[in-house]
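# Examining the three-dimensional arrangement
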Amino acid sequence: MKVLLPMYNYKFEDGSAEVKDGILYVYRPGAFKDIMYKLTYEIYGKKECYFCHKKFVEMAEEAGEDCLYVTQTTLDHLIPQEFGGPTITNNMRPSCSHCNNSKGNFYPDEFEEYLELSFTEGKDGRKARHDFKQKIRDVQERRRYGEIESIPKEWYTDEMLKNIYVNFWLMEPLGYMYHKQEKFLKKYKRLPKPIIVSSNRFLLDGFNTILLAKYNHISRIDTIILENVIYCGFPD
């Protein structure tokens, strides 16, 4: 798949990456997520919440200084990270903190349906929202078991990669995120998220996933290859 990029050339001030002629060149290992955050804002701006469509400036004026948290600009993962949603521009949109927190682990269509139910008042409204949340909890559990597709199949590659370049200088002791994903693997018998690699097969995201696969003798890893991303930080 191709990651969404600005339609114009764009160079990062810190020298970590640049967009040139429709290609993203990454120069600094470990900077991929920050690059995706910055590019998402560059593409979609910081003026309007994707979900409520309110202007951030107008929200700030209405809320006043005591409610800056509500009007804070954030980035929401459309496919939640809990279900493997990748940190790429295709999967993120600017959101106010209120919508981001309210959405939680909903998918966009689920969140839209839930918002519609919020207009129903009284006992009937409370029951409708309770029943909807229970239905979604069942759907979410099926996603965790892999019974329902979490990420569009067309995002994955069918290619069986034999070699992936990893910058081992970035290795750290196994931390919280690794052990969290390990618990997921033990319960649901599957890896919790895919790995993301550049077109020249450098690992951009998913080091914990690779470790989990290695330590648990898993040969097949869901992989997203970004065809318009080239990693240029290989040592001379």
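Before any of the text, the structure's been laid out above.
Residues numbered from 1 in each chain as written. Predicted model: local features only at pLDDT ≥ 70, side-chain atom pairs only at ≥ 80, totals over all residues. Heavy atoms only, no water.

### Notes on the pairing of strand E8 (residues 223–226)
The test is simple: To sort residues, take the accessible area from a 1.4 Å probe on protein chains only and compare it with the maximum for the residue type: under 20% means buried, over 50% means exposed, and anything in between is partly exposed. By definition, any uninterrupted DSSP run of H or I lasting at least four residues is a helix, any uninterrupted run of E lasting at least two residues is a strand, and each is numbered from the N terminus. By this definition, two strands are paired if DSSP reports at least two bridges between them.
Burial along E8 is two-sided: the residues Thr-223 and Ile-225 and Ile-224 and Leu-226 are all buried. Two elements, strand E6 (residues 195–198) and E8, share four bridges in a ladder whose sense is parallel. Counted as the bridge partner of Val-197 is Ile-225 from E8.

### Considering the sheet that holds strand E2 (residues 17–20)
What counts here: Any two residues whose heavy atoms approach within 4.5 Å are treated as being in contact. Throughout, an axis means a line fitted to C-alpha atoms (over the contacting stretch in the case of helices), and angles, computed between N-to-C directions, take values from 0 to 180 degrees.
Reading across the sheet, the four strands line up as E1-E2-E3-E9 and stay open at both edges, with mixed pairing between neighbours. A strand with exactly one partner marks an edge of an open sheet, and here the two such strands are strand E1 (10–11) and strand E9 (229–231). Across two bridges, E1 lies against E2 in antiparallel orientation. What sits directly across from Tyr-10, in E2, is Val-19. Relative to the sheet, helix H1 (residues 32–44) contacts E1, E2 and strand E3 (23–26), its axis offset from that of E3 by approximately 145 degrees.

### Considering the sheet that holds E8
Pairing in this open sheet of three strands is mixed, and the strands run E7-E6-E8 from one edge to the other. At either margin of the open sheet sits one strand with a lone partner, and together these are strand E7 (203–205) and E8. On average, each strand axis in the sheet is inclined to that of its neighbour by 35 degrees, with strand direction left out of account. Sheet analysis places E6 next to E7, joined by two bridges and oriented antiparallel. Bridging from a neighbouring strand, Val-197 pairs with Leu-203 of E7.

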